[in-house]
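Report on the structure
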Amino acid sequence: MEYAQELGDPTLIAYSFQRRSSIATEARHAGHGAGLASAALRYAAQLSPRVHPIVLRQLANSKAGLGEENETDRVIDQALAAASRGEDADPSAGYCSVAYIEMEAANCNVILERPGQAVEIYRESLSHWPAVQERDRGLCLARLATANALLEDVEGSYQTAAEALAIAQRTGSALILNELFRLQPRLARCQKLVEVSEFNRELDTMRSAAL
């Protein structure tokens, strides 16, 4: 953080604040996370149309962690609008497409215990995901599998999880695997189903290989 401030680079400073916000929010300190994300937004006018929504989606995640539904929705709308103005060639954050922000919006809905809305948004995101972003698409599928499990849609959860696992195997994505590891306990009650049993066995093998 000090290095970024010494350089006076607003993008590096904003990235640093939003990363610290993410860590705080994941550690269940959503209030502190929201404060850090808000600090990053002080540089909003100097950020590219793809970096700006990255900070906004992190603020939305923090607000969701605080249970602030209206504020979460408002910030996500801002992030979607900002992302729609960006270019894929942005060297700072070309990956931050509208589809990516939609995935983050769906994740906020899961945090807010609105899995039905989350499933709809995940599916919309997947319908126009950039082909070059296979890893992030796999993460979106893994998160959709969790939302389906929350709705007790076992078949839908397994099918999307299996597709996500295939992408994880091709790309070596730890993010996808971690999301699938968190899904496993939700499918435990369906362990007797052959498909679920095979999925869990394959995932356990990958977990052992990663240790």
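Here is what the cut-offs are and how they apply
Residues numbered from 1 in each chain as written. Predicted model: local features only at pLDDT ≥ 70, side-chain atom pairs only at ≥ 80, totals over all residues. Heavy atoms only, no water. Helix = DSSP H or I, 4+ residues; strand = E, 2+ residues; numbered from the N terminus. Expected span 1.5 Å × (residues − 1). Buried < 20%, exposed > 50% of the residue type's maximum accessible area, 1.4 Å probe, protein only. Arc of directions from axis to C-beta. Disulfide = S-S within 2.5 Å. Phe/Tyr/Trp six-rings, centres within 6.5 Å; stacked < 30°, edge-to-face > 60°. Salt bridge = Lys/Arg side-chain N within 4 Å of Asp/Glu carboxyl O. pLDDT = per-residue confidence, 0-100. Polar contact = N/O pair within 3.5 Å; in protein donor to acceptor, adjacent residues only side chain to side chain. Contact = heavy atoms within 4.5 Å.

1. Considering helix 9 (residues 154-171)
- Over its 18 residues, helix 9 runs 25 Å from end to end, which matches the ideal 26 Å to within 8%, given 1.5 Å per residue.
- Among the residues of helix 9, Val154, Gly156, Ser157, Thr160, Ala161, Ala164, Leu165, Ile167, Ala168 and Thr171 are the ones counted as buried. Along the axis of helix 9, the buried residues cluster in a sector spanning 165°; they form a single face. In helix 9, those exposed residues whose orientation departs by more than 90 degrees from the buried face are Glu155 and Arg170.
- In the stretch just after helix 9, Gly172 is the one whose phi turns positive, near 70°.

2. Examining the state of the cysteines
- In the structure shown here, the tally under the stated rule is zero disulfides.
- Just so you know, Cys96 is unpaired, no disulfide at all, and the nearest cysteine sulfur is the one on Cys108, 13 Å from it.
- Looking at Cys96, the relative accessible area reads 0%, which means it is buried.
- Between Cys140, a cysteine without a disulfide, and Cys108, which holds the nearest cysteine sulfur, the sulfur-to-sulfur distance is 13 Å.
- Using a relative accessible area of 0% as the deciding quantity, one classes Cys140 as buried.

3. What about the packing of aromatic side chains?
- Following the criterion strictly, the structure yields two aromatic pairs and no others.
- Between Tyr95 and Tyr100 the ring centres are 5.2 Å apart and the planes differ by 80°, which places this aromatic pair in the edge-to-face class.
- Relative to Phe199, the ring of Tyr158 has its centre 6.4 Å away and its plane inclined at 85°; by these criteria the two rings are edge-to-face. Here Tyr158 is found in helix 9, whereas its partner Phe199 is found in helix 11 (residues 194-210), with 41 residues between them in sequence.
- For Tyr158, a relative accessible area of 22% puts it in the partly exposed group.

4. Remarks on the pattern of salt bridges
- All chains considered together, the criterion is met by 10 salt bridges.
- Between Arg114 and Asp73 there is a salt bridge, with the nearest N and O atoms lying 2.9 Å from each other. Placement of the pair is Arg114 in the loop between helix 6 (98-111) and helix 7 (115-126) and Asp73 in helix 5 (residues 69-83), with a sequence separation of 41 residues.
- According to the relative accessible area criterion, Arg114 is buried, its value standing at 13%.
- With relative accessibility at 32%, the residue Asp73 sits in the partly exposed group.
- One connected set of salt bridges, linked through shared partners, spans Arg57, Glu104, Arg143, Glu179 and Arg182.

5. Some details on the confidence of the model for the chain
- When pLDDT is averaged across the chain, the result is 88; 91% of the residues are at 70 or more.
- Here helix 1 (residues 2-7) is the element of the chain with the lowest mean pLDDT, 48, and helix 7 is the one with the highest, 97.

6. Points about unusual backbone geometry
- Backbone geometry places Arg28, a non-glycine residue, at a positive phi of 70°.
- Tracing the backbone through its elements, the reader meets Arg28 in the loop between helix 2 (10-26) and helix 3 (30-40).
- A relative accessible area of 79% places Arg28 in the exposed class.
- One non-glycine residue, Glu113, lies in positive phi territory at about 60°.
- Structurally, the position occupied by Glu113 is in the loop between helix 6 and helix 7.

7. Quick look at the side chain of Ser21
- Within the secondary structure, Ser21 sits in helix 2.
- In terms of polar contacts, Ser21 uses its side chain to reach the side chain of Ser62, at 3.4 Å.
- Not counting the four nearest positions on each side in its chain, Ser21 is found in contact with Gly33, Ala34, Leu36, Ala37, Gln58 and Ser62.

8. Description of the environment of Gln133
- Within the element layout of this structure, Gln133 appears in the loop between helix 7 and helix 8 (134-150).
- For the pair Gln133 and Tyr95, spaced 38 residues apart in sequence, the C-alpha separation works out to 7.2 Å.
- There is a polar contact of 3.2 Å between the side chain of Gln133 and the backbone oxygen of Tyr95.

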